[in-house]
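Each chain is listed here by its residues.
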Amino acid sequence: MACKAVFFDIDGTLVDSNGLHVEAWQRAFAEAGHDIANEAIAGQIGKGADNLVPALIPGSDDDAAEALGDRHGAIFKGDCIDRARAFPHARDLILRVHDAGLRIILASSASEEELKHYCDLLDIGDLVDVATTIDDVGTSKPAPDIFAVARDKAGIDAADVVVVGDAPYDMDAARKCGMVRVAVRSGGFADDALFEAGAQTIYDDVADLLAGFDASPLAR
């Protein structure tokens, strides 16, 4: 395998936003009369509403998941997203990947609006070759759809892709697609959960991955 493209998750990987998503979800659940612990919500971050809501409210139907997802999105965009910050050296890693001649693909469960905000925050809009969001697929991670659509958009073989993500759901989705999996700890998930979901190597964060770039799967 020669790495030709890097698929980056965004929330919790390039941008410190997982805690803000927990906040927005907790408020959305509370407004709907559901008392869900923050720790339980944190363990599901990385999924879209279609998978997150049923995991926390068993028996909820598609309409309920969609309504809660819409409310979460409104709260997040209205009150939280402006507090999100890029992780140190996130842009530097993107530049290093670009300078290595690799294609840069953003493959996120974020909405199109959120992705644009993050590209502006990271100042990477001119470096991104392809992007996919939850708006491009019917099912969110850990289903493989987001990575599969990104693969097809990029016209690249799965075996030539390295996925960088923070959540077990990134690792599971990438494994289902046959892609190489690199996890970062910056999303707050335990190593055991990341390895069990399919991570092949783990770095502390994108700064750590950048520091070890030449020995990483991205350089192979």
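Whatever comes next refers back to the structure up there.
About the cut-offs
Residues numbered from 1 in each chain as written. Predicted model: local features only at pLDDT ≥ 70, side-chain atom pairs only at ≥ 80, totals over all residues. Heavy atoms only, no water. Helix = DSSP H or I, 4+ residues; strand = E, 2+ residues; numbered from the N terminus. Rg over C-alpha atoms; globule rule 2.2 N^0.38 Å. Buried < 20%, exposed > 50% of the residue type's maximum accessible area, 1.4 Å probe, protein only. Pairing = 2+ DSSP bridges. Right-handed = clockwise from strand over helix to strand, strands pointing away. Axes fitted to C-alpha atoms, helices over the stretch in contact; angles between N-to-C directions. Arc of directions from axis to C-beta. Contact = heavy atoms within 4.5 Å. Disulfide = S-S within 2.5 Å. Core = buried A, V, L, I, M, F, W, Y, C linked by side-chain atoms within 4.5 Å.

1. Topic: the overall build of the chain
Reasoning step 1: Along the chain, the regular secondary structure elements total 10 helices and eight strands.
Reasoning step 2: Taken over C-alpha atoms, the radius of gyration comes to 16 Å for the chain, in line with the 17 Å a tight globule of 220 residues would show.
Reasoning step 3: Along the first, second and third principal axes, the C-alpha set of the chain runs to 50 × 30 × 30 Å.
Reasoning step 4: Expressed as a percentage of its 220 residues, the buried residues of the chain come to 53%.

2. Remarks on the pairing of strand β6 (residues 161–165)
Reasoning step 1: The buried count for β6 comes to five of five residues, which makes it a mostly enclosed element.
Reasoning step 2: Taking every second residue as pointing to the same face, both faces of β6 are buried, with V161, V163 and G165 on one and V162 and V164 on the other.
Reasoning step 3: Looking at chain direction, strand β1 (residues 5–8) and β6 are connected through four bridges and run parallel. Each residue of the ladder has a partner; that of V6, found in β6, is V162.
Reasoning step 4: As paired elements, β6 and strand β7 (residues 180–184) share four bridges and run parallel to each other. Bridge pairing links G165 to A183 in β7.
Reasoning step 5: Following the backbone out of β6, through helix α8 (residues 168–177) and into the adjacent parallel β7, one traces a crossover that is right-handed.

3. Overview of the sheet that holds strand β8 (residues 201–203)
Reasoning step 1: Taken in spatial order, the six strands line up as β5-β4-β1-β6-β7-β8 in an open sheet, and their pairing is parallel. Looking at the sheet topology across the chains shown, the edges are occupied by β5 (130–132) and β8. Averaged over all pairs of adjacent strands, the angle between their axes in this sheet comes to 20 degrees, without regard to strand direction.
Reasoning step 2: In the sheet, β1 pairs with strand β4 (residues 103–107) via four bridges, with the strands oriented parallel. Among the inter-strand pairings, F7 is bridged to a residue of β4, identified as I105.

4. Details of helix α5 (residues 90–99)
Reasoning step 1: Turning to α5, its buried residues number three or more, namely A90, L93, I94 and V97. Buried residues of α5 fall within an arc of 100 degrees about the axis and therefore sit on the same side.
Reasoning step 2: Where α5 is buried, its residues contact β1, β4, α6 (112–122) and α10 (206–211).
Reasoning step 3: Looking at the residues trailing α5, positive phi occurs at G101, about 85 degrees.

5. Some words on the state of the cysteines
Reasoning step 1: Scanning all chains against the criterion turns up zero disulfides.
Reasoning step 2: The thiol of C119 is not disulfide-bonded; the next cysteine sulfur, from C3, is found 19 Å away.

6. Focus: the nonpolar core
Proteins that are soluble and globular tend to have nonpolar side chains buried together.
Reasoning step 1: Residues F8, L14, V97, L106 and L218 are the most contacted members of the largest nonpolar core, which totals 39 residues.
Reasoning step 2: Other than its neighbours up to four places away in sequence, L14 contacts F8, D9, A86, F87, A90, I94, L106, L122 and V206.
Reasoning step 3: One finds A5, V130, V163 and C177 within the second-largest nonpolar core, a separate group that totals 19 residues.

So, to be careful, I would describe these as geometric facts and stop short of saying anything about function.
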